[in-house]
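Chain residues, written in single-letter form:
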Amino acid sequence: ANAVRLGAIREIGCNVAPTPFFDAAEETGAIFGENVFSLSVMQRRLPKSVYRSVAATIERGERLDPNVADIVASAMKDWAMEKGVTHYAHVFYPLTGLTAEKHDSFLEPVGDGTAIWEFQGKTLVQGEPDASSFPNGGIRATFEARGYTGWDVQSPAYILENPNGNTLCIPTIFVSMTGEALDHKTPLLRSQSAMSEQARRVLALFGHRQIDNVVSYCGPEQEYFLVDSSFVNLRPDVLNAGRTLFGARPPKGQEFDDHYFGAIPERVLGFMHDTERALLKLGIPAKTRHNEVAPGQFEIAPVFERANLASDHQQLLMSTFKAIAKKHGFECLFHEKPFAGVNGSGKHVNFSFGNANQGNLLNPGDNPHDNAQFLVFCAAIVRAVHLHGGLLRLSIASASNDHRLGANEAPPAIISIFLGEQLTDVFEQIRNGGATSSKQKGALSVGVDTLPDLTKDAGDRNRTSPFAFTGNRFEFRAAGSNQTVAAPMVVINTIMAEALDYAATELEAAVASGTDFNDAVQQLLAKIMETHGAAIFDGNGYSSEWHEEAAVRGLKNLRTTVDALPEWTSAETKALFTKYAVLSEAELESRYEVGLEQYVMAINVEANLTEGMAQTTILPAALRHQTELAGNVAALTAAGVDADRTDLLAVTELVGELRGAIAGLRAAKAAAHDHEGIAEAAYHRDVVLPAMTKVRAAADALEGVVADDLWSLPTYQEMLFIR
Ligand code: ADP
Ligand code: MG
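Everything numeric in this text was worked out from a predicted model, so none of it was measured.

**Section: unusual backbone geometry**
With a phi close to 55°, A581 is a non-glycine residue in the positive phi region. For A581, the location among the structural elements is in the loop between α20 (571–579) and α21 (585–638). On the basis of neighbour count, A581 is assigned to the partly exposed category, with 14 C-beta atoms found within 10 Å.

In C-alpha cells form, the structure reads like this:
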C-alpha cells in the first residue's frame, strides 16, 4: 500500500483512548446537570423571593427582572467560581447554523491598580458582541456594527469544562441594535409565543379553566459518522467541506446490513460513554444510542425538551461530539452526505405541543372529549402542512442536505403528511360523515365516539414520509444532520399558530351562532379534511408515481435549495410571519440573502477543493503511474518483447478526461462571477456542481487503475471500515 496511508493505518492503534470508567457521580445519578445553574441550584442559592421571581420569569419566558438580575448574577458567579470558572460567555446561534461565543473575564479593574472578581446583573442579561462578522443579509447598517445578546432564561447557564479553563456559558438571543433578529433563537421564542396564544384559544373552547402557556417540545435524533482522524487529516475535502469529494465505491458497502444490526464497536462505545458523560453533566438527557445503516454511522437521541432548550442542547451536543471525538482519535462528521453510495445522515425532529396542565396535546387520549381535542390539533397540523409545505421544505434547505433529500434514503423534497392507517380512516369517516356528529350511520361522531388505540398503529411507520404521526407526536424527517432544529421548529410553530388561529376562529363563530360544540368540531374537521386532505399520503414517497400524483394534488416539489429559498420572501410567507410577529419583512429578506450566500459559499469551497485535489494529488499520481507503464512498454519494446499497451492506453484516456474535467471546472468557476443573487446560486447548482461531478468521475475511475502505492488519499474502504 501507499506509505502515507500505511502510516495512517499504523497510527490507529495509538488513537484508541482508554474507555472511561463509571464513576461515583454517575452511579448515583448526581452527574445529571452537575454543570448547570438549574432551578434546583437557584433554589438553594437564592433568597426565596428572588428565586420565586426567577422561576415565574422562566415559566412565562420573559426577560429577567432588572431588580433581581444583580442577585442572580452574583450567585451564578459564586457557583461558577467554586467550579473553577474564570470567564463567562454569551453563547448565540447566528445564521451560519453554528454556535458563537464571546468570552469575558469576571475580573474587573477598579481603578486603583487592583481588580476584583465581579459579574453584574446587566452583564448577565445583556452582552454586546461585534456583529459585523456574522451574516446578516443586509440588516445591519455598516455604521452600526454591534449587535446585542440577551439571556433566554428558559435555557439555563452552564459550565463548559476544559482542561485549560472552565467557562460559564449563557445561552442568548442575538439581535441588531435596532432589534432585528440575527439568529435562530429569537424567531424561535417569538414563534413559541404565537403558537401558544392560538393554542390557548382552542383549549379555552374545550372548556379548560387554568390554561398555562402551551409549549412546543422537540426531541431530535442525531445521526453522525465517526472516521479515524488519521485518515481525515489526509483528506482536505473531509477536513474543509465535511464530505468526500472523491472516492471510488468500496468493494463492500452497506448491503449486508451487518453494521446496523451488529454490536457497537468497542472503541466507539468508549467515545459514546465519554460523550454521554459530558452531556449528562450539561443536563442534556442523552438516552438512546445505536448503530445506523451505513458503516461507520451512529445515532444518538436525547429525550425531548422544550423546543428552545432542545435546540440549544442540540447545538451543544454537536460541539461536544466534535471535541470528544478528537480526544478519541476520531473525526465526527455531521455532514448530510459524507460518502457517496452509502446512507447519509439526518436529524429527525420529533415534536409535540402541550403543558403541565393539559398534557401532551398530540396524545389521542382515551375518552371522546380528549379525542375531539386531539383531532382538532391534528387537523390543524394537516392544514399547516398543506398550506405551508414549501416553508417546511425551506426550513431544512442547505447545499449539503440537497445531496440527501429525495435520494431514496431520505424523504423526498415533497412535503406530505403520514397519519397511519387508523387515523387516516378516522378522518375519512369524519369527512364522509359530513355536517353533524350524531346522525350519520357508520360515521364517527366527534365528541361521542371513542377513537381506536392509535398508538398501536405507530409501530408500523412509513419511513419514506417526511412528516409522520408516530402515536403521540409528529416526526419531521427531512431535517439534515448538520442543521439546527431551531429553523424547522420556527416554521412548525408559526404554521401551527395560523392553523390553530383558523380553528379557534371557526369554532368561536359556530358556537356564537348557536351550533352545538361537538357539531362545530365535526364540521371544522370535515372542512379541513376537504380542503387540506391533499397533503395526506400514506404510500411510498420514493416512487415516481408519487411525484406525478403530488403534482396533480398541487403539492410543491422544491427539489433543491435554490428552488426553496425564494419561499422566504413570497407574499404568503411575508403575510404569515408578519401577522404572527415572528419575522418582519426585513428579517425575511435578510434570511433569504444569507441563505443564498451560504449556498454559494458552500459550493464554491467544494469547487476549490475539487480543483486543488485533482490537480495536485490525483493527476500527479496518475501521471506517475502512466510514466511507469510507458517505461515498461518502452523497456519491453527495446528488449524485443511484445509489449501490452492496454493499461497504458486506458490510463492515458482517463488522464485526458481528468485534465479536460479540471479545465471545465476552472472555466465554470471563472464564469461564476457573471451571475448574482438567485442566478448565481442557480449557476452553482447547474454548472459548477456538474463540473465537479465530472472531475470526480474521472478521478474515481483512476483510483481503480492507478497503482495502490501511488495513491495517497485514504480510500472509502479504509475510512468506512477501519476503526
Ligand atoms: P425512533 O428511532 O423510534 O424514531 P427514538 O427513540 O430514536 O425513536 O427517538 C425518538 C425521539 O422522540 C426521542 O428524542 C424522544 O424523546 C422523542 N419524543 C418522544 N415523545 C415525544 C413527544 N411527546 N414530543 C416530542 N418528542 C418526543
Ligand atoms: Mg431513532
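**Let's talk about the domain arrangement of the chain**
Domain annotation of the chain identifies domain 1 (31–93 + 97–133 + 140–179), domain 2 (221–345), domain 3 (362–581) and domain 4 (598–721). Centre-to-centre separation of domain 3 and domain 4, based on C-alpha positions: 46 Å. Among the residues forming the side of domain 3 that touches domain 4, the class breakdown is four nonpolar, three polar and no charged.

**Regarding the nonpolar core**
M76, V376, A380, M496, L525, L658 and V695 are the most contacted members of the largest nonpolar core, which has 206 residues in total. Leaving out residues up to four positions away in the same chain, M76 has contacts with F37, F119, L124, A157 and L168.

**With respect to the site of ligand 1**
Not every one of the 14 residues close to ligand 1 is listed here, only the nearest: G219, A301, F304, N350 and S352. Elements represented by at least two residues in the shell around ligand 1 include exactly β9 (215–228), β11 (297–302) and β14 (347–355). For the shell around ligand 1, the class distribution of residues is six nonpolar, six polar and two charged.

**A look at the pairing of β11**
As defined by bridge partners, β9 adjoins β11 across four bridges and the pair is classed as antiparallel. Paired with E223 across the strands is E299, a residue of β11. Two elements, strand β10 (residues 286–291) and β11, share five bridges in a ladder whose sense is antiparallel. By the bridge assignment, A286 is partnered in β11 with P302.

**A short note on the packing of helix α13 (residues 368–395) against helix α16 (residues 486–512)**
Two numbers describe how α13 lies on α16: the axes approach to 8 Å, and their chain directions differ by 135°. If you check the angle between α13 and α16, you find them oblique. When you trace α13 past α16, the crossing you get is right-handed. Residues V376, A380, I381, R383, A384, L387, H388, L391, L392 and S395 of α13 form the contact with α16, whose own contacting residues are A487, P488, V490, V491, I495, M496, E498, A499, L500, Y502 and A503. Its residues assigned to classes, the contact of α13 with α16 comprises 17 nonpolar, two polar and two charged.

Cut-off values and rules
Residues numbered from 1 in each chain as written. Chains lettered and ligands numbered in written order. Predicted model: local features only at pLDDT ≥ 70, side-chain atom pairs only at ≥ 80, totals over all residues. Helix = DSSP H or I, 4+ residues; strand = E, 2+ residues; numbered from the N terminus. Buried ≥ 20, exposed ≤ 12 C-beta atoms within 10 Å, placed from the backbone. Domains from an automatic or database assignment. Nonpolar A, V, L, I, M, F, W, Y, C, P; charged D, E, K, R; others polar. Core = buried A, V, L, I, M, F, W, Y, C linked by C-beta atoms within 7 Å. Contact = placed C-beta atoms within 7 Å. Near = placed C-beta within 6 Å. Pairing = 2+ DSSP bridges. Axes fitted to C-alpha atoms, helices over the stretch in contact; angles between N-to-C directions. Parallel < 35°, antiparallel > 145°, perpendicular 65-115°, else oblique. Left-handed = near helix turned anticlockwise from the far one by under 90°.

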